[in-house]
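Understanding the architecture of this molecule
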Amino acid sequence: MDKLLEVVKSPEVFEEGSQDIWLDPDRADFVLQSHLDETMDGASKDAHFIQQSIDLICELAPLTNHQSILDLGCGPGLYAEKLAERGYKVTGIDFAENSIEYAKKEAEKKNLPIDYHCGDFLTINYEEEFDSTLLIYQIFGILKPDERKKVLSNMYRALKPGGFVLLDVLSDKSFADFEESREWSLSSKNSMLSRKKHLGLISTEKYPNNVSLQKTVLVFEDGEIVNYHYWNQYFSVEDLRQEIEEAGFTLEQVYADVNGETYKADGEFIAAVLRK
């Protein structure tokens, strides 16, 4: 009980849980399925949205001078495949082994020459190899401040002069609308959180400086306790501009989302084109 009481306390901002929610082997199949099933909200957008995003990327990166694309956090390759089908040379990186293995098999099946790697994009070391880079589905905002600096530096170094990044974040309006909550559930087996019987305790909390936390604690029959911390940083356009300009980028364009919709000050997301 003492351990449980300690685990359910509110952590320090960006403090890690006992397990990474995206790397837990007990959830690997669910993570992959959440990418592939359009009815599940949590890992990827639906096919229509993805197609709109591909159209925007192709508009921003015409093949005449933007042949190579680096897709960070590529998941099972939903964007990489469509870009490869249009003639781009795509490199995809994701730390979820299950998703990368699926992506590799699909690329081989469809005869698409996509270069997939299972790894951490915080450690990549490319030097002016790519014309454009993708970091989408709000990945940037789940990183700690020092990790955001690192990934911006890595992307800047990986891009050729004049190259660009397309990334998206949750807006400060989303933070204003974010609601704190507490709930619990009892699952016998095969829930989205675990295949094993467990008690689930879930809380959502607001922190200073536009940071939120979804904290999930799982208590299993054998006494094992696992807790996931899913942090999110929310941005105004000026907040985002400050971080990217410190990394050497220029904020060239903002959209309401990565499908190219017109930016709205009261929108849920901000999508940005960063130019080297």
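Residues numbered from 1 in each chain as written. Predicted model: local features only at pLDDT ≥ 70, side-chain atom pairs only at ≥ 80, totals over all residues. Heavy atoms only, no water.

As annotated in an unreviewed UniProt entry, the protein carries the name Methyltransferase domain-containing protein and is attributed to Shouchella miscanthi.

1. Here's the deal with the overall build of the protein
When its secondary structure is counted, the protein shows 8 helices and 11 strands. Expressed as a percentage of the 276 residues in the protein, the buried residues total 49%. Considering only contacts within the protein whose residues lie at least 6 apart along the sequence, 65% involve residues at least 24 apart. With an accessible surface of roughly 13700 Å², the protein has 48% of that area assigned to carbon and sulfur atoms. (Helix = DSSP H or I, 4+ residues; strand = E, 2+ residues; numbered from the N terminus. Buried < 20%, exposed > 50% of the residue type's maximum accessible area, 1.4 Å probe, protein only. Contact = heavy atoms within 4.5 Å. Areas by Shrake-Rupley, 256 points an atom, 1.4 Å probe, with all protein chains shown as cover.)

2. Quick look at the nonpolar core
Counting 30 residues, the largest nonpolar core has L83, I114, Y116 and L166 as its most contacted members. Those elements that provide at least two residues to this core are α3 (47-60), α4 (78-85), α5 (97-109), β5 (159-171) and β11 (269-275). Among all residues touching I114, those that are not within four sequence positions of it are A80, E81, A84, V90 and A107. Formed by 29 residues, the second largest nonpolar core is a distinct cluster that contains Y126, L135, F235 and L240. (Core = buried A, V, L, I, M, F, W, Y, C linked by side-chain atoms within 4.5 Å.)

3. Topic: the packing of aromatic side chains
A full pass over the atoms with the stated rule returns 7 aromatic pairs. Here F178 and Y234 contribute two aromatic rings whose centre-to-centre distance is 6.4 Å and whose plane-to-plane angle is 65 degrees, an arrangement assigned as edge-to-face. One end of the pair, F178, is in the loop between α7 (172-177) and β6 (181-187); the other, Y234, is in strand β9 (residues 225-235), and 56 residues separate them in sequence. We classify Y234 as buried; its relative accessible area is 5%. (Phe/Tyr/Trp six-rings, centres within 6.5 Å; stacked < 30°, edge-to-face > 60°.)

4. Brief notes about the packing of α3 against α4
In a packed pair of helices, the relevant descriptors are the angle between the two axes and the axis-to-axis distance. Closest axis-to-axis distance for the α3/α4 pair is 10 Å, and the angle between their directions is 50 degrees. The orientation of α3 relative to α4 falls into the category oblique. Remark: the crossing between α3 and α4 carries right-handed chirality. Residues F49, I50, Q51, S53, I54, I57 and C58 of α3 form the contact with α4, whose own contacting residues are L78, Y79, K82 and L83. When its residues are assigned to classes, the contact of α3 with α4 shows 8 nonpolar, 2 polar and 1 charged. (Axes fitted to C-alpha atoms, helices over the stretch in contact; angles between N-to-C directions. Parallel < 35°, antiparallel > 145°, perpendicular 65-115°, else oblique. Left-handed = near helix turned anticlockwise from the far one by under 90°. Nonpolar A, V, L, I, M, F, W, Y, C, P; charged D, E, K, R; others polar.)

5. Some details on unusual backbone geometry
Of note in this structure, F14 is not a glycine but carries a positive phi near 65 degrees. With respect to the secondary-structure elements, F14 resides in the loop between α1 (2-7) and α2 (28-36). In this structure F14 comes out as buried when scored by relative accessible area, which is 10%. Although it is not a glycine, Q138 sits at a positive phi angle of roughly 60 degrees. Within the secondary structure layout, Q138 lies in the loop between β4 (130-135) and α6 (145-158). Exposure remark for Q138: the relative accessible area of 11% places this residue in the buried category.

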